[in-house]
Amino acid sequence: MPDYGHDLRFGVFLSPSTDQVSALLALADAADRRGLDLISVQDHPYHPGFLDAWTLLSTIAARTARATVFPNVANLPLRDPAVLARSAASLDILSGGRVELGLGAGAMWDAIAAMGGPRRKPGQAVEALTEAIAVIRALWTPGRGVRLEGGHYRLAGAKPGPFPVHPMQIWLGAYKPRMLRLTGRAADGWLPSQPYAAPDTLAAMNDIIDDAAETAGRSPGAVRRLYNITGSFTGTGAEFLQGPPSVWVEQLAELAVTDGISGFILAIESGGTADVERFAHEVAPAVRDLVDRERAGSPPAGTPPAGTPPAGTPPTSTRPTGTESTSPESTSPESTSPEATEVGPADSGPTGSTPAEYAGATGLGVVPTPPPARRLISTSPWDESTRPHGPGADADTSYTPAGRAQGQHLIDIHDHLRHELDQVRDVVEQVADGTTDPGAARSLINAMTMRQNNWTLGAYCQSYCRILTLHHSLEDQAMFPGLRQADTRLAPVIDRLAEEHEVIARILNDVDAALVGMVERPGAIGEVQRAVDVLTDALQSHLSYEERELVEPLARLSTGFTGM
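Only a predicted model underlies this, so the values are computations on that prediction, with no experimental measurement involved.

1. Section: the overall build of the chain
- A tally of helices and strands in the chain yields 15 helices and 13 strands.
- Relative to its 564 residues, the chain shows a buried fraction of 53%.

2. Description of empty space enclosed by the protein
- Applying the stated criterion across every chain yields a total of two cavities of 30 Å³ or more.
- Considered as a void within the structure, the second largest cavity measures approximately 40 Å³ in volume.
- Residue lining of the second largest cavity: Arg425, Val428, Glu429, Gln529, Val532 and Asp533, and that is the complete set.
- Secondary-structure elements contributing two or more residues to the lining of the second largest cavity are helix H11 (401–433) and helix H15 (525–556).
- Its residues assigned to classes, the lining of the second largest cavity comprises two nonpolar, one polar and three charged.

3. Here we look at the layout of surface pockets
- Estimated volume of the second largest pocket: approximately 970 Å³.
- Forming the boundary of the second largest pocket are 35 residues, of which Val73, Gly106, Ala107, Gly173 and Tyr175 lie nearest the centre.
- For the lining of the second largest pocket, the secondary-structure elements that each account for two or more residues are strand S4 (74–75), helix H5 (122–139), helix H6 (177–186) and strand S10 (224–229).
- Broken down by element, the lining of the second largest pocket gets its largest block of residues, three residues, from H5.
- Among the residues forming the lining of the second largest pocket, the class breakdown is 19 nonpolar, 11 polar and five charged.

4. Digging into the packing of helix H8 (residues 245–259) against helix H9 (residues 273–295)
- Close contact between H8 and H9 brings their axes to 9 Å; oriented N to C, the two are set at 45°. By the angle class used here, H8 and H9 are oblique. For the crossing formed where H8 meets H9, the hand is right-handed. Taken together, the residues of H9 that come into contact with H8 (itself represented by Pro245, Trp248, Val249, Glu250, Leu252, Ala253, Ala256 and Val257) are Arg278, Phe279, Glu282, Val283, Ala286, Val287, Leu290, Val291 and Glu294.

5. Re the sheet that holds S4
- The nine strands lie next to each other as S3-S2-S1-S11-S10-S9-S8-S5-S4, forming an open sheet whose pairing is parallel. Each of the sheet's edge strands pairs with one partner strand only, and the pair in question is strand S3 (68–71) and S4.
- As judged from the five bridges shared by S10 and strand S11 (residues 261–268), these two strands associate in the parallel manner. Bridging from a neighbouring strand, Ile229 pairs with Leu266 of S11.
- Across the sheet, H8 lies against S10 and S11, angled at about 140° from S11, the strand it touches most.

Each value, and the rule that gives it
Residues numbered from 1 in each chain as written. Predicted model: local features only at pLDDT ≥ 70, side-chain atom pairs only at ≥ 80, totals over all residues. Heavy atoms only, no water. Helix = DSSP H or I, 4+ residues; strand = E, 2+ residues; numbered from the N terminus. Buried < 20%, exposed > 50% of the residue type's maximum accessible area, 1.4 Å probe, protein only. 1 Å grid on protein atoms, 1.4 Å probe; cavity = no way out; pocket = protein on both sides within 12 Å on 5 of 7 lines; lining within 4 Å. Points joined across faces, edges and corners; volume = space filled by probe spheres on them. Nonpolar A, V, L, I, M, F, W, Y, C, P; charged D, E, K, R; others polar. Axes fitted to C-alpha atoms, helices over the stretch in contact; angles between N-to-C directions. Parallel < 35°, antiparallel > 145°, perpendicular 65-115°, else oblique. Left-handed = near helix turned anticlockwise from the far one by under 90°. Contact = heavy atoms within 4.5 Å. Pairing = 2+ DSSP bridges.

Below you can see the structure in the form of structure tokens.
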């Protein structure tokens, strides 16, 4: 089987016992503090001795700062998919984009029926799960009222939303051929458990998923492979994950490069803090290093293009190549302010930099976005000539596919923000030109990925500002500390970027104030236009500077940043 080239993630699988609450939360805290990527909990709503999964996940998300949380896996028969979609999206918003959705067709049918749930045969369970995925994705996708008719679930004009603040994925717990085929054609991830899918059975199951993906016109690499594992740090190493950390490293790395497993989630019992420590500090880094070295010889097979969204995610705009960048002029040339100016040397990047450097002349293979050639406002909120610059890479620096993917991920996030900013500008210009009004902008906003339930222009712009603030908060709390620790020479750059985040936050407040003024005085659209122009110049400049300075370090260093 190929290595699909996904970044490696490590996490824990917790049992939500009501009599071990303190120990359970301590394990979640330990996993987050020690840098693990994933925290998951079982979902058995019929079990009287278990905490409710979504209530527990919400508590864990509130207590942690970094790790992604998810049900492992959500019990579909007792969780209506429409409500589940809104619950998952709500927690994603509240946690700052740290939620994925593990989903299962159901089991323990006697217990489910005792709770008033349906008793389904295997074929019916797969049909219901197929319909549920369609329901969930429909409610996560901006648009008009949704109508779906199925044998198990239906929507009769339900309005989509709220929407996740990152492209939330659906990971299926699947074992039988029908479920595996559904995973290949419709899911974003496969999440089996070791007790039910032994390591030597993964290859055959992967074959079914890959064939189904290709039949559906998808790359097999579009499906992340995760694995719930159990083990002990004692033993001879003769059996799977029964031995010292070195045994774990070798066995997990082999699964990564031969079976494409990129997520390893360790079942931990209460009192297992020491196991969390060893898994996070002795196993995970060593597996990443070994897999990186194995991958360095050749590009991974089956890897989807950088920035490929999960199945069902609406497409967003792509970033132009070469020395051009996404700019407001491309959306509405007439909107250029009379103050618009050509960018001088101080605006073109680091001292001595050229467009070729922005185009990846260093051999990195990841292309930071150059600054726009034209500005809308003659003034700037900061002096760009005083921006510090990082040390750069040594001549013999090499990059792994995982490292390049990490650098590209930052650009992909920024491209999404640029695309949404273009849409905000377009809506503002339509209102200013009288071709639409805030209420009539509904049909246009329907197609926007960050659309909110309030259809006014002001509410949409405020929504974008919240998303941008969230992105900067994630960088300040997650990416910057990792880079600062990995290469102390980056400290001046990181300090400057953090300062610019604060400046942009003040500019966003100005946008909010202008929007309030527009509501009170409809003729004040010009104030909104100028505020958005200021935001556009500042954001385009900042994103370009950040990519110029951080894409290469992100590709070179191991920070574990996954972003929003």
